Each structure stands twice: as C-alpha cells, then as structure tokens.
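Structural features, examined
As a plain string of letters, each chain reads:
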2 protein chains.
Amino acid sequence: MPSARSPFDPLWVGVADPLRSAIVEGRLAPGKALSENQLAAEYGVSRTPVREALRLLMEEGLVEMLPGRKVRVAVPRPSDVREVYDVRAVLEAEAVRRLLKTEETARRVVAEMERACDVSDAALARDDLTALAAANARFHAALVSALGNRRLLADYETIYNLVALYRHQSLRIEYWAEAGNAEHRALLDRLRRGDEAAAIDLLRAHIERACALVCRRYEQAPAPVIETPGPSTSPPETRSTGREDSP
Amino acid sequence: MPSARSPFDPLWVGVADPLRSAIVEGRLAPGKALSENQLAAEYGVSRTPVREALRLLMEEGLVEMLPGRKVRVAVPRPSDVREVYDVRAVLEAEAVRRLLKTEETARRVVAEMERACDVSDAALARDDLTALAAANARFHAALVSALGNRRLLADYETIYNLVALYRHQSLRIEYWAEAGNAEHRALLDRLRRGDEAAAIDLLRAHIERACALVCRRYEQAPAPVIETPGPSTSPPETRSTGREDSP
DNA sequence: TTTTGTGTACTTGTATACAAGTATGCCGAC
DNA sequence: GTCGGCATACTTGTATACAAGTACACAAAA
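This text gives an overview of the structure that appears in the document.

Thresholds, definitions, all that
- Residues numbered from 1 in each chain as written.
- Chains lettered and ligands numbered in written order.
- Predicted model: local features only at pLDDT ≥ 70, side-chain atom pairs only at ≥ 80, totals over all residues.
- Heavy atoms only, no water.
- Helix = DSSP H or I, 4+ residues; strand = E, 2+ residues; numbered from the N terminus.
- Buried < 20%, exposed > 50% of the residue type's maximum accessible area, 1.4 Å probe, protein only.
- Contact = heavy atoms within 4.5 Å.
- Buried area = accessible area lost by both parts, 1.4 Å probe.
- Salt bridge = Lys/Arg side-chain N within 4 Å of Asp/Glu carboxyl O.
- Polar contact = N/O pair within 3.5 Å; in protein donor to acceptor, adjacent residues only side chain to side chain.
- Least-squares fit on C-alpha atoms with pLDDT ≥ 70 in both.
- Pairing = 2+ DSSP bridges.
- Axes fitted to C-alpha atoms, helices over the stretch in contact; angles between N-to-C directions.
- Near = heavy atom within 4 Å.
- Nonpolar A, V, L, I, M, F, W, Y, C, P; charged D, E, K, R; others polar.
- Parallel < 35°, antiparallel > 145°, perpendicular 65-115°, else oblique.
- Left-handed = near helix turned anticlockwise from the far one by under 90°.

When helices and strands are tallied, chain A shows 9 helices and 3 strands. Residue burial in chain A is summarised as follows: out of 247 residues, 45% are buried. In chain A, the share of contacts with a sequence separation of at least 24, taken over all contacts with a separation of at least 6, comes to 74%.

See below:
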C-alpha cells in the first residue's frame, strides 16, 4: 500500500513513484539514460519536480549520475550487489533474533510467513508471476516487521527495491521462486523450533547463494552501456521478444 | 575528512555541508525555522540549490518539514531517539560479530579503538571538548569499520549525526564522555578476550543507557516550539549564556 | 474588552529563462 | 577513404518569475 497519495502532494511524488515502480519492476532497464526534459514532457510537469524526483531516486540507489552529469538507471556493479545483499542479511538476521525473543511474536510472525509461503506455492502452481512476487515480498515483509523499527524497515524496503532491480536483470523469476520457497520453508522450521543460530545460518546461506547467482550474472555481462533514450516507459522495449536468461 | 570538495561541485553541497555541520555541532538548535530565501541570501546562491540541500538533509533526518510545508531543524521525539539508538545498536553489534570473526582484524581494530580511548582520556584531562568528541567519533568509526560495507558505513554516519544532534540538546559532553570512556574500556576488554556475547551485551547496555538518558531529557522538555528565524548561524543564540543541563 | 475581518508580508511549489558544458554529426580538406 | 574542425542540438546547473497558500498584525465593529 503506497500510503495514500493525495492530489495535494507535491508534483515530484507523481514522478518519483511511477519511475521507481518502472525501475523496480524491470520496465526500465539498468543503463537507460534519463533526460530531465523528456521525463518532464512525459509526466506533464516542468523540470523542477523531475529533478527532485531524480535526486530522491539517486539517494535510494535506483538511479545514478555519471561523471558527465548524465543520469541513468543504476547499472549495478558486483561490489554494489554484494553490499546490498549483505545489508539485507544483516537486517533479516536481526529480525530473526528479535522474532525469537518473545514467543508470542514468534508465533504470530511465523504464521504470517507461512501463509505467505502457501500463497507463493499456489501462485507458482498457477504460473502467476505477479502474485508470486507479491507473496515473496509478503514473506520477507512479515519477517522484517519483527524489527519493530520504522527506520530499519524503511532501509530494508529501499534495499529490497535494489534487490528486485538486480534480480530482474539476472534471473528468471520462476527460478529463484522455486528454489527460494523450499529454503523459506526450511527457515520456518528452524524458527518454529526456536533455533536462532540455525535459522540465521540458513538465512545467510540463502542470501549468499542468491547474491552469488546475481553477481556471477553481472560478471558475465560487464558492459555498462548507456542505452539510447527513447520514450522511457515504452512497453515494446526494442529487443523484448526473447527472454534474456537462457544460459 | 569531508572527501575533498572541489570548486566544481554543484552549489548545493556548499549549502548542505555547512548546514549539516551547524546542526550536528549544535550551532543550529532543533526547532529553528529554516527559510529558503534566507539561506539563499546567506550563502549567496539562489533558492534552487538551497532546496536541493534541504531535501538531502531531510532525507538524513536532520531537518523536517511541518504540515504547513515549513522547514525546520528536526525536533526529535522520544520515539525517533529510540529508533536511532536502536539502529546504532544493531550496526555496532554486527560490527562486533564481524570483528571477532578473524583474529587479525580483531587485533588491528581493537588496537585502533584503544588508541582512540587514550586520546579521549588525554583530551578529557585537558578539558579539550573538541578533541574529546573527535576521539569518541574515532573510537566508534574504528569499530564500525569492521562492517566492511560502505553502505552500512554511510548509514552509520547518518545515524551518528543524529545522535550528535540529540546529545547536544540533552547532555553535557563531559558527562557522557566520562561515563562512556569507562564503558568503552570494558568493551575493549571483552573484545580482547573474544567474548562476543559479553561484548554485545555490554554494547547494548551502553547504548540503551545513553538512549534512556537522552529520552528522559526530551520527555522533560516536550515543547516542540518553532523558534523565530533570525540569522541562522548567529553565535549569540539569544538565551545561550547559561548551560541548560544542570539537573 | 473581545471579536472579526482584512491586508500585508511572508512562506513554498512550480515553471521558465539563461548560461555553460558536452557529444554528435556533418562537411570539407587531405 | 580518413581525419579534423565546426556547427548544432542536446544535456544539466542555476537564477528568477509567478502563483497560491498561510500566518500574523492591525484596525474596526460589537
């Protein structure tokens, strides 16, 4: 729930929100050049709100500025990927620790995570990738809610957006979903038994595996090419007919 | 070291940097209203760079926007304080864990932390509060460097700025320095012995105590008054003759 | 005295104008 | 054909102009 955007919000949220979605959902590929003028024309506002939106997305790491001051969708380097996954590991591990501190919280959160797993399985069976991604997000959101700290939660959301960006360019969603859900169930098992150390080990291994997979992908394709502008949210994204991930 | 600001940097860093320093160092009190026009005049630039600087500082939590769209130096609420100290505890605890993972790193970092403690003691003996604050920062920076993650490090720096802001309004620096340094030495002892659990317990207790102290202060003085503008970096800050913290 | 209304002097949000820098493509010369 | 140079069409950074909203003070009326 994107926290109820009112029509009285400043214009830049009306630019930042859809732009963020477009990047996170993979409709805007990494390396895509973003022109202030073009975005302004696209969203029917002037450059000023566009600049503010871009600056926010830069803070979030979804957009980056090149030495020549040109702006583009962030092109992740392996070091970035590793750091982001590392942050995720730190936050989720801490969530596990806090989760297990009080039995009642543990029961509640684990139940919610389990529901998310079920939904995830169902979505996978139906081949409904959108629902699957949502269910996965719900699983992690439930876990991380145990942090009980709005600031850490917000950081986690930012990080999770970056993970989504990385993943879109490197893996078929079916793959990580299938492999991931089994590991999620294993984690739930450890949580139910209250085995903190085992749960955290599992979590770290899970995240490290995902990270390695993504990193390998980026090392294979190290070309940080600046793509030509063109209308930014165009669905027929030139070369979009074939999947890009057959090994 | 503020990472070598070149004269070719965009103008807003020339606003954001001194403004951040002024807030963190306590020259701009929480609640102080910040006017774009006034800041623009003060720094000899137009409103545009000022706006970008303010937006950055808002992201960092040093500045906040009121419902009426007025901007002021952040006035911490107890819940904010608790969350910030909590984030700090999470990051420092993780740093301890990583620190103790490899003996060589542990030795190096602990040595650096010890040096910082010595400098801190010396500064305290000389009553040199500036050097003392710097030494304290060095102690924590050494610890947190063990995170080995630029992103976490940056987050920690942001958090540390907020802690500085909170502290300035609530405690005499001598107080927390004196109490803190003893606890720092105790932490070093646990680290040297490689006792992770004890070190983390100590750390958490240390941070929680500091947090409680600050929180209590803010609960005593709950008035989030908007101070009248006036020239922002004025040293004779109206009511600045007497210390505000005799209990 | 209290209350109400209005004007004024602020505030920020947005749009636009201008300046400067950079890449690109074309055209001519070799 | 290839290379050099210039013009052009971008880019962003900054300043300013305009609009709209808010708060406060002052004055007039009850």
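Take the interface of chain B and chain A next. Counting residues at the interface gives 29 residues for chain B and 28 residues for chain A. Both faces combined, the contact of chain B with chain A buries some 2,500 Å², and carbon together with sulfur accounts for 40% of it. Run the count over chain B and chain A and you get 12 salt bridges. A salt bridge links Asp80 of chain B to Arg150 of chain A; the nearest nitrogen and oxygen atoms lie 3.5 Å apart. Run the count over chain B and chain A and you get 15 residue pairs in polar contact (both at pLDDT 80 or more).

Turning our attention to the relation of the copies chain B and chain A. Here chain B sits on chain A after a turn of 180° about the axis and a move of 0.0 Å along it, with an RMSD of 0.0 Å. Put plainly, the chains are arranged around a two-fold axis. Across chain B, the smallest distance between a C-alpha and the rotation axis is recorded for Glu52 of chain B, namely 3.7 Å. Taken together, the interface assignments show that 97% of the residues at the interface of chain B recur at the interface of chain A, consistent with an identical surface on both copies.

Residues and elements named next belong to chain B. Spatially, the 3 strands line up as an open sheet ordered β1-β3-β2, and their pairing is antiparallel. Strand pairing shows two members of the sheet lacking a second neighbour, β1 (33-34) and β2 (63-65), which therefore form its edges. As judged from the 2 bridges shared by β1 and strand β3 (residues 71-73), these two strands associate in the antiparallel manner. For Leu34, the partnering residue across the bridge sits in β3 and is Val71. Contacts from helix α3 (residues 47-60) reach β1, β2 and β3, with the element oriented near 100° to β2.

A few words now on the protein's contact with DNA strand C. Near DNA strand C there are 15 residues, and of these Leu11, Ser46 and Thr48 of chain A together with Arg47 and Arg51 of chain B occur at the shortest range. If you look at DNA strand C and keep only atoms within 4 Å of the protein, 67% of those are sugar or phosphate atoms. Side-chain polar atom of Arg51 of chain B to a phosphate oxygen of DNA strand C: 2.4 Å apart, as the coordinates give it. Elements represented by at least two residues in the surface near DNA strand C include exactly α3 (47-60) of chain A together with α2 (36-43) and α3 of chain B. By residue number, the principal contributor to the surface near DNA strand C is α3 of chain A, which donates 3 residues. Residue classes in the surface near DNA strand C are distributed as 5 nonpolar, 4 polar and 6 charged.

What follows deals with the protein's contact with DNA strand D. Of all residues adjacent to DNA strand D, which total 15 residues, the nearest are Arg47 and Arg51 of chain A together with Leu11, Ser46 and Thr48 of chain B. Backbone atoms, meaning sugar plus phosphate, form 64% of the atoms of DNA strand D positioned within 4 Å of the protein. One nitrogen or oxygen atom from the side chain of Ser35 of chain A is found 3.0 Å from a phosphate oxygen belonging to DNA strand D. Between Arg47 of chain A and DNA strand D, the recorded distance is 2.9 Å, taken from a side-chain N or O atom to a base nitrogen. Listing elements by their share of the surface near DNA strand D, those giving two or more residues are α2 (36-43) and α3 of chain A together with α3 of chain B. It is α3 of chain B that contributes the most residues to the surface near DNA strand D, 3 residues altogether. Here the surface near DNA strand D is built from residues that sort into 5 nonpolar, 4 polar and 6 charged.

Glancing now at the pattern of salt bridges. Using the criterion set out here, one finds 52 salt bridges over all chains in the structure. When the shortest N-O distance is used, the salt bridge between Arg20 of chain A and Asp17 of chain A registers 3.1 Å. Taken together, the residues Arg20 of chain A and Asp17 of chain A, both in helix α1 (residues 11-24) and 3 residues apart, mark about one turn of the helix. Residue Arg20 of chain A is classed as buried on the basis of its relative accessible area, which comes to 17%. One salt-bridge network, held together by shared partners, links Glu36, Arg47, Arg51 and Arg55 of chain A together with Glu52 of chain B.

When two helices pack together, their arrangement is captured by the angle between the axes and the distance separating the axes. All names here are of chain A. It is the contact of helix α4 (residues 78-99) with helix α7 (residues 150-168), at a shortest axis distance of 10 Å, that shows an interaxial angle of 140°. On the basis of their axis angle, the class for α4 and α7 is oblique. Crossing of α4 against α7: the hand is left-handed. Along its contact with α4, which presents Asp80, Val81, Val84, Tyr85, Val87, Arg88, Leu91 and Glu92, the element α7 presents Leu152, Tyr156, Ile159, Leu162, Val163 and Tyr166.

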